[in-house]
Amino acid sequence: MSLHRPETLDDALSLMGGGGAVALAGGTDLYPALRDGVPPSEMVDLTRVAGLRGISRDGSGWRIGAATSWTQVARAELPPLFDGLRAAAREVGSVQIQNAGTVAGNLCNASPAADGVPALLALDASVELASGTGTRVLPLAQFITGPRATELAPGEIVTAVLIPDAAGSGAFLKLGARRYLVISIAMVSAVVVVEAGRIASARIAVGACSPVARRLGGLETLLAGHEAAATEPVILRYDYPELSPIDDVRARAGYRREAVATLVARAVALAVEKEASHVA
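Every residue gets a number counted from 1 within its own chain, in the order that chain's sequence is written. Confidence filtering applies because this is a predicted model: local features only for residues at pLDDT of at least 70, side-chain atom pairs given and counted only at 80 or more, and all residues used for totals across whole chains, interfaces and linings. In computing side-chain values, all of the structure's heavy atoms are included and hydrogens and water are not.

J.: Teacher, can you tell me more about the nonpolar core here?
T.: Looking at soluble globular proteins, one finds that nonpolar side chains tend to be buried together. Core analysis: the biggest nonpolar cluster contains 44 residues, and Leu-85, Leu-120, Leu-140, Phe-143 and Ile-163 have the highest contact counts within it. Every helix listed is a DSSP run of H or I at least four residues long, and every strand listed is a run of E at least two residues long, numbered separately from the N terminus. Per element, the largest residue contribution to this core is five residues, and it comes from helix α7 (residues 116-122). Contacts were defined at the residue level, with two residues in contact if any of their heavy atoms lie within 4.5 Å. Ignoring anything within four residues of it in the chain, the contact list for Leu-140 reads Leu-107, Val-117, Leu-120, Leu-121, Ala-125, Ser-126 and Val-127. What we call a nonpolar core is a set of buried Ala, Val, Leu, Ile, Met, Phe, Trp, Tyr and Cys residues that are connected through their side-chain atoms within 4.5 Å. Three exposure classes are used, based on accessible area relative to the maximum for each residue type with a 1.4 Å probe and protein chains only: buried under 20%, partly exposed in between, and exposed over 50%.

J.: I would appreciate a short explanation of helix α1 (residues 9-16) in the present structure.
T.: Note: α-helices contain 3.6 residues per turn, so residues at a spacing of three or four share the same orientation. Considered for burial, the residues of α1 that qualify are Ala-12, Leu-13 and Met-16. An end-on view of α1 places all buried positions within 95° of arc, on one side of the element. Within α1, the exposed residues directed more than 90 degrees away from the buried face are Asp-10 and Ser-14. In this structure, the buried residues of α1 make contact with β2 (21-24), β3 (42-45), β6 (126-131) and β10 (157-164). What the arc measures is the spread of directions leading from the helix axis to the C-beta atoms.

J.: I would appreciate a short explanation of the sheet that holds strand β4 (residues 55-57) in the present structure.
T.: For sheets, the rule is that strands pair by backbone hydrogen bonds, running either parallel or antiparallel. Pairing between two strands is assigned when DSSP locates at least 2 bridges connecting them. Across the sheet, five strands lie side by side as β4-β5-β10-β6-β7; this open sheet has antiparallel pairing. Among the strands making up the open sheet, the edge pair consists of β4 and β7 (134-139). Taken over all neighbouring pairs, the strand axes of this sheet differ in orientation by 25° on average, direction set aside. Where β6 and β7 come together, six bridges link them in antiparallel fashion. A fitted line through C-alpha atoms serves as each axis, taken over the contacting stretch for helices, and the angle formed by two N-to-C directions is quoted from 0 to 180°.

J.: When you look at the environment of Lys-174 in this model, what are you seeing that I'm missing?
T.: Within the secondary structure, Lys-174 is located in strand β11 (residues 169-175). Looking at Lys-174, the relative accessible area reads 19%, which means it is buried. When the C-alpha positions of Lys-174 and Met-187 are compared, they lie 4.2 Å apart, and in sequence the two are 13 residues distant. In this structure Lys-174 touches Glu-91, Asp-115, Val-182, Ser-184, Ala-186 and Met-187, once residues within four positions along its chain are discounted.

J.: Got a minute to help me understand the pattern of salt bridges in this structure?
T.: A side chain with one charge may pair with a side chain of the opposite charge, provided their charged atoms come close. Note on definitions: salt bridges are taken to be side-chain nitrogens of Lys or Arg within 4 Å of carboxyl oxygens of Asp or Glu. For the coordinates displayed, the defined rule picks out twelve salt bridges. A salt bridge links Arg-57 to Asp-165; its shortest N-O distance comes to 2.8 Å. Placement of the pair is Arg-57 in strand β4 and Asp-165 in the loop between β10 and β11, with a sequence separation of 108 residues. Since its relative accessible area comes to 54%, Arg-57 is described here as exposed. Given the relative accessible area of 34%, Asp-165 is considered partly exposed. With a shortest N-O distance of 2.7 Å, Glu-156 and Arg-136 are connected by a salt bridge. Taken together, the positions of Glu-156 in the loop between β9 (149-150) and β10 and Arg-136 in strand β7 put the pair 20 residues apart, joining distant regions of the chain. The exposure class assigned to Arg-136 is partly exposed, which follows from its relative accessible area of 32%. Each of Asp-124, Arg-203, Arg-215 and Glu-220 takes part in one network of salt bridges that share partners.

J.: What should I look at first to understand the environment of Val-92 in this one?
T.: Locating Val-92 in the fold gives a position in the loop between α4 (83-89) and α5 (95-100). A residue is classified by how much of its surface remains accessible, and Val-92, at 8% relative accessible area, is buried. Along the backbone, Val-92 and Met-43 are 49 residues apart, and their C-alpha atoms lie at a distance of 24 Å. Other than its neighbours up to four places away in sequence, Val-92 contacts Trp-70, Ile-97, Gln-98 and Asp-115.

J.: How do you make sense of the environment of Gly-168 when you look at a structure like this?
T.: By the secondary structure assignment, Gly-168 is in the loop between β10 and β11. When the C-alpha positions of Gly-168 and Asp-83 are compared, they lie 9.8 Å apart, and in sequence the two are 85 residues distant. Residues within four places of Gly-168 in sequence aside, it is in contact with Pro-80, Leu-81, Val-192, Val-193 and Glu-275.

J.: Would you mind going over the pairing of β11 with me for this structure?
T.: Most of β11 is tucked away: five of the seven residues are buried. Judged from the seven bridges that link them, β11 and strand β12 (residues 186-195) form a sheet pairing that is antiparallel. When the bridges of β12 are listed, Leu-175 appears paired with Ala-186.

J.: I keep staring at the sheet that holds strand β14 (residues 214-215) and nothing clicks. Help me out?
T.: Strand order in this open sheet of four strands is β11-β12-β13-β14, and the pairing throughout is antiparallel. For this open sheet the edge positions go to β11 and β14, each flanked by a neighbour on one side alone. As paired strands, β12 and strand β13 (residues 198-207) are joined by nine bridges and run antiparallel to one another. From the neighbouring strand, Ala-190 faces β13, where its bridge partner is Ile-204.

Listed below in structure tokens is the structure:
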């Protein structure tokens with residue numbers, strides 16, 4: 001196996017253009033997967049490519065470089081909008097995994113229980129993709145198509161996650177069999193905007209309860225305009241048609257469905273509380 005370490009995006013795309021190479025960033029998912037099959041003939045390490053690390057802001061929103069680590073996200077100085085993403089970053093495996101694992105790697109691995117995906121969905125994130133023929137942008141909800149499946153084409157590289165500028169405060173909650181180093185039973189991220197004591201808008205996403213993480217569009221509509229201090233009854237009555245939880249070694253489907261309602265109520269309440277504290 002050949003390992004390439006390009007320092008420019010053009011060089012990386014040229015190496016990937018042959019179709020036989022595998023992109024490598026943190027390697028926290030890729031290396032363990034090598035035990036299950038024949039290793040690739042070529043790997044392209046993207047961690048030295050200029051412009052693929054770091055978080056920046058421009059006139060239209062925020063850009064998170066594809067090779068930005070979860071530790072960098074957790075420690076970044078970001079507005080309350082990103083509180084859910086920063087909380088999710090602290091839940092990605094161990095500290096060692098957070099130091100090595102990357103934002104784009106978490107998306108490309110496309111696990112139904114990927115911690116970063118619900119938080120990014122609640123931020124209306126899009127994924128920037130580059131290839132030898134140009135660049136395209138896809139909403140994150142369209143990029144991940146199923147368990148371990150994405151719209152990434154042969155030779156393409158994820159270069160950034162793009163997040164539009166917006167108001168609001170975020171929250172993230174994860175349920176597992178223990179406090180750390182656990183695959184989620186369920187997880188919820190919410191971004192809430194409160195105006196005059198009422199929910200002006202809410203964006204809520206759930207992971208580990210369907211083949212891909214899902215936004216709860218119906219609940220978001222119900223909560224809009226609702227009194228911010230009294231959202232729990234609405235959330236607990238909602239039937240969550242967007243989700244399709246399964247029985248597995250971590251939990252039964254019925255338990256997941258009940259747990260999600262509680263997690264959503266707590267996440268929304270936490271985001272509302274954050275909104276109040278920032279206004280104060």
